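In case you want the letters, here they are:
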Amino acid sequence: MHETLLDLLRCPFCGTAFDVVQNDALVSTETGIESGVLGCECCAFPIIAGIPVLLANDDTRRAMHLLEAGQTQAALLAVLGLDPARTAAFNTLATSPYPSCRELLPVLSPDAEGTYFLYRFSDPTFVPAEALIRALGVRTASRGGPRLDLCGGMGHLTRALRAGLEPVATGWDHTVVADLHFWKLWLATRYTSPGCAAVCCNADAPLPFGPNQFSMVVLMDAFPYIWHKRLCADEMIRVARPDAMLALPHLHSSRGDNFSAGDPLSPDAYRDLFDAHSPRFYSDRQLLDTLLEEAAIDLTQDRSAQQIGDEASLTIVASGVAPPEARLDIATPTDVTGTLIVNPLYAVEYAAGVSTLRLQFPDTEYEAEFGECRRYLPDPLRVNVDLTTSIQPMAIGPRYEELRRRRVLLDVPLGYL
């Protein structure tokens, strides 16, 4: 954790600023604080693996006492929430020089959520959301200021939120991913979105940030699972600057049918919660259609609550100033910032100079929820180059841009698979 992050943080209970406690728990590196304790006027909270854990519960308190006793690894295990078998598996992987995110996920999340995160980069709810957030990030880059990915999980969308930001010399890139679950943030900072800052906190409570801090606040997927929705909406507006952009992609509607729906509201109710920031509604179905057919995100096609009708989900974009009303062209990225891989949804066979790719969903539940990815992931597919080894764009030739656009080839962070 870089110490400049403290300028943004406030205690979620008393609202006062934090100081770093000068005790035996403090471990600093060239890039920031690796472990330590934060104190405010009412509480103390641990910093574990560079992540402030701003929760008041037994596991957090135990972790803080372990830090103060010099037991850093035990403190990490306390907040990861692993049972004995998974603790043993985690410790075994931790001795490996470079365990991959794919190896760690079954240990940290042995249920369907781990599977969901592994294939996140190409699912049909994420694809238009990523394009939207990346385009808005570039469009609003001149406003400056940090950006917040609230309930950001493993930081997949955080990577898009960083679009348009200039490199900074403060040790972190002014994007913050916040989530209730420490293990997700631990993976985010190490694999999915290194360079971001992570804050472990509860979006069902006051957010641990001062007012008027962020130039963009994004919350994807999680809002229907939050019980205190009015508080969360008010808090998103509070921590955002007056000219900030708020975006809630893939918001479940109570008028439609959704897998794992949570406790969704009607479009009218969502509008009322964010009315102070002039919310605009967009059809998720139309956003995906326009992206696939025209390589654009069209923010001129906002809809009323009545026009959303019984669609399963919608996207809200709001701003305290004039909200965006533009058609944003989406260029296919062709550079490689991490590692170029074949989408892990494909099984790949190579013979006689041809790679044959066939879709292979991890289970029937995943296929039922995300099978719409067939709209852009061809099946089967043949490519006249060996895709079972290290992939070089030059070797693929003129099909390279198409394969990137259709998410057949993915640029994933180092160590992701």
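Now for a description of the structure that goes with this document.

Taken as a whole, the second largest pocket holds about 1100 Å³ of empty space. In terms of lining residues, the second largest pocket is bounded by 40 residues, among which Glu130, Arg134, Pro333, Arg404 and Arg407 are the most central. Secondary structure elements with two or more residues in the lining of the second largest pocket: α6 (126–139), α8 (182–192), α11 (284–294), β14 (327–329), α15 (400–405) and β19 (409–412). Per-element accounting of the lining of the second largest pocket gives the leading share, seven residues, to α6. Its residues assigned to classes, the lining of the second largest pocket shows 21 nonpolar, four polar and 15 charged.

This part takes up empty space enclosed by the protein. Evaluation of the coordinates by the stated rule reveals one cavity of 30 Å³ or more. The calculated volume of the largest cavity comes to roughly 40 Å³. Of the residues that constitute the lining of the largest cavity, the class distribution is eight nonpolar, two polar and no charged.

Two faces belong to every sheet, and in a regular strand the side chains alternate between them. Of all five residues in strand β4 (residues 44–48), four are buried, a share of seventy percent or more. Hairpin connection between strand β3 (residues 32–39) and β4: a loop of four residues separates the two successive antiparallel strands. Bridging between β4 and strand β5 (residues 51–52) involves two bridges; their strand directions are antiparallel. Residue Ile47 lies in a different strand from β5, and its bridge partner there is Pro52.

Strand order in this open sheet of three strands is β16-β17-β18, and the pairing throughout is antiparallel. A single partner strand is all that each edge strand has here, and the edge strands are β16 (346–351) and β18 (381–383). Across this sheet, the average inter-strand angle for adjacent strands is 20°, counted without regard to direction. Direction of pairing for β16 relative to strand β17 (residues 354–359): antiparallel, over a ladder of six bridges. Bridging from a neighbouring strand, Tyr346 pairs with Leu359 of β17.

On the basis of which strands lie adjacent, the open sheet formed by seven strands has the order β8-β7-β6-β9-β10-β13-β11 and mixed pairing. Strands at the two margins of the open sheet, each flanked by one partner only, are β8 (197–200) and β11 (280–283). Averaged over all pairs of adjacent strands, the angle between their axes in this sheet comes to 20°, without regard to strand direction. Of the pairings in the sheet, the one linking strand β10 (residues 240–252) to strand β13 (residues 313–319) comprises six bridges and is antiparallel in character. The residue of β13 that forms the bridge with His252 is Ser313. Its contacts with the sheet put helix α9 (residues 229–239) on β6 (147–150), β9 (214–219) and β10, and the angle it makes with β10 is roughly 145°. The strands that α11 touches are β10, β11 and β13; relative to β11, the one it contacts most, it runs at about 65°.

With that out of the way, let us pick up the side chain of His277. Mapping His277 onto the fold places it in the loop between α10 (267–273) and β11. Those residues in contact with His277 that sit more than four places away from it in its chain are Ile237, Arg241, Ala244, Leu246, Ala318, Ser319 and Gly320.

So, about the pattern of salt bridges. All chains considered together, the criterion is met by 22 salt bridges. In this structure, Asp243 and Arg241 form a salt bridge, with 3.2 Å as the shortest nitrogen-oxygen distance. Judged by its relative accessible area of 17%, Arg241 is buried. Residue Arg374 pairs with Glu367 through a salt bridge whose shortest N-O separation is 2.4 Å. Assessed through its relative accessible area of 31%, Glu367 is described here as partly exposed.

Attention now moves to the packing of helix α2 (residues 72–80) against helix α3 (residues 84–94). Packed helix pairs are characterised by how far apart their axes lie and by the angle those axes make with each other. Look at α2 against α3: their axes get within 11 Å of each other, and the N-to-C directions meet at 130°. With respect to their mutual orientation, α2 and α3 come out oblique. Once α2 is placed against α3, the crossing between them reads as right-handed. Here α2 contributes Gln73, Leu76, Leu77 and Leu80 to the contact with α3, which in turn contributes Thr87, Phe90 and Asn91. A class-by-class count of the residues in the contact of α2 with α3 yields four nonpolar, three polar and no charged.

Attention now goes to α6. Under the 1.5 Å per step criterion, the end-to-end length of α6 is 20 Å for 14 residues, consistent within 8% with the ideal 20 Å. α6 sits mainly inside the fold: eleven of its 14 residues count as buried. All of the buried residues in α6 are Phe126, Val127, Pro128, Ala129, Glu130, Ala131, Leu132, Ile133, Ala135, Leu136 and Gly137.

So, about α9. All buried positions along α9 are accounted for by Lys229, Cys232, Ala233, Glu235, Met236, Ile237 and Val239. Check the buried side of α9 and you find it contacts β6, β9, β10 and α10.

Here is what the cut-offs are and how they apply
Residues numbered from 1 in each chain as written. Predicted model: local features only at pLDDT ≥ 70, side-chain atom pairs only at ≥ 80, totals over all residues. Heavy atoms only, no water. 1 Å grid on protein atoms, 1.4 Å probe; cavity = no way out; pocket = protein on both sides within 12 Å on 5 of 7 lines; lining within 4 Å. Points joined across faces, edges and corners; volume = space filled by probe spheres on them. Helix = DSSP H or I, 4+ residues; strand = E, 2+ residues; numbered from the N terminus. Nonpolar A, V, L, I, M, F, W, Y, C, P; charged D, E, K, R; others polar. Buried < 20%, exposed > 50% of the residue type's maximum accessible area, 1.4 Å probe, protein only. Pairing = 2+ DSSP bridges. Axes fitted to C-alpha atoms, helices over the stretch in contact; angles between N-to-C directions. Contact = heavy atoms within 4.5 Å. Salt bridge = Lys/Arg side-chain N within 4 Å of Asp/Glu carboxyl O. Parallel < 35°, antiparallel > 145°, perpendicular 65-115°, else oblique. Left-handed = near helix turned anticlockwise from the far one by under 90°. Expected span 1.5 Å × (residues − 1).

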